[in-house]
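# Summary of the model geometry
Take a look at the letters that make up each chain.
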Amino acid sequence: MQINLISVGTKIPGWVQQGYHEYAKRMSRECELVLREIAPGKRGKNADISRTVQDEGRRILTAIKPGMHIVTLDVRGKSWSTIDLSEAMKRWLENGRHVALLVGGPEGLAESVRQISHESWSLSAMTLPHPLVRIIVAEQIYRAWSILKNHPYHR
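Small disclaimer: the values here were computed from a predicted structure and weren't measured. (Residues numbered from 1 in each chain as written. Predicted model: local features only at pLDDT ≥ 70, side-chain atom pairs only at ≥ 80, totals over all residues. Heavy atoms only, no water.)

### Remarks on the packing of helix 1 (residues 14-24) against helix 5 (residues 130-148)
The packing of two helices is summarised by the inter-axis angle and the distance between the axes. Direction vectors running N to C along helix 1 and helix 5 enclose 15°, while the axes themselves pass 8 Å from each other. In terms of axis orientation, helix 1 runs roughly parallel to helix 5. The interaxial crossing formed by helix 1 with helix 5 has left-handed handedness. Contacts from W15, V16, G19, Y20 and Y23 of helix 1 reach helix 5 at P131, L132, R134, I135, A138, E139 and Y142. Across the contact of helix 1 with helix 5, the residue classes tally to nine nonpolar, one polar and two charged. (Axes fitted to C-alpha atoms, helices over the stretch in contact; angles between N-to-C directions. Helix = DSSP H or I, 4+ residues; strand = E, 2+ residues; numbered from the N terminus. Parallel < 35°, antiparallel > 145°, perpendicular 65-115°, else oblique. Left-handed = near helix turned anticlockwise from the far one by under 90°. Contact = heavy atoms within 4.5 Å. Nonpolar A, V, L, I, M, F, W, Y, C, P; charged D, E, K, R; others polar.)

### A word on the packing of aromatic side chains
Under the defined criterion, the tally for this structure stands at four aromatic pairs. Judged by centre distance (6.4 Å) and plane angle (50°), the rings of W80 and W92 are tilted. Separated by twelve residues along the polypeptide, W80 in the loop between strand 3 (69-79) and helix 3 (82-95) and W92 in helix 3 bring together distant segments of the chain. Comparing W80 with W92, the two get one shared label, buried. (Phe/Tyr/Trp six-rings, centres within 6.5 Å; stacked < 30°, edge-to-face > 60°. Buried < 20%, exposed > 50% of the residue type's maximum accessible area, 1.4 Å probe, protein only.)

### What about the side chain of T72?
You can see T72 is positioned in strand 3. By relative accessible area, T72 is classed as buried at 1%. There is a polar contact of 3.0 Å between the side chain of T72 and the side chain of S120. With residues up to four places along the chain from it excluded, the contact list for T72 reads L102, L109, V113, R114, S117, E119, S120 and W121. (Polar contact = N/O pair within 3.5 Å; in protein donor to acceptor, adjacent residues only side chain to side chain.)

As structure tokens, this is what we get:
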């Protein structure tokens, strides 16, 4: 199985890239974590934010391969414990489909993206910096995987 973290944002600080890759490289080929960056839309003083979010949504949709199990990361989603995530990963593995974890830009995901999701996961009720979300997701995916494989990392 491949878990694709499809995330809006391309100019990511080195420390974020390093943190993400630290956890992604720990994953086995049986459950690979792959980052797919989506170019953000233009934001600025006179930007049409609604249009920007829709454009980002279209780019996210084109990054999703047919047959993927789609999980949006959204503040309106369900809050999962690490155990809940490991149970979700077990379901995903049994399902035999690749997974797409979708992270929007600063204003979130387009409605067109939310509508096609199979599940919606909320990392926190707090607002988190989008680059930091990459590290948190990668670490939690690795932690959930370690639970499934009875690896001592979770303890």
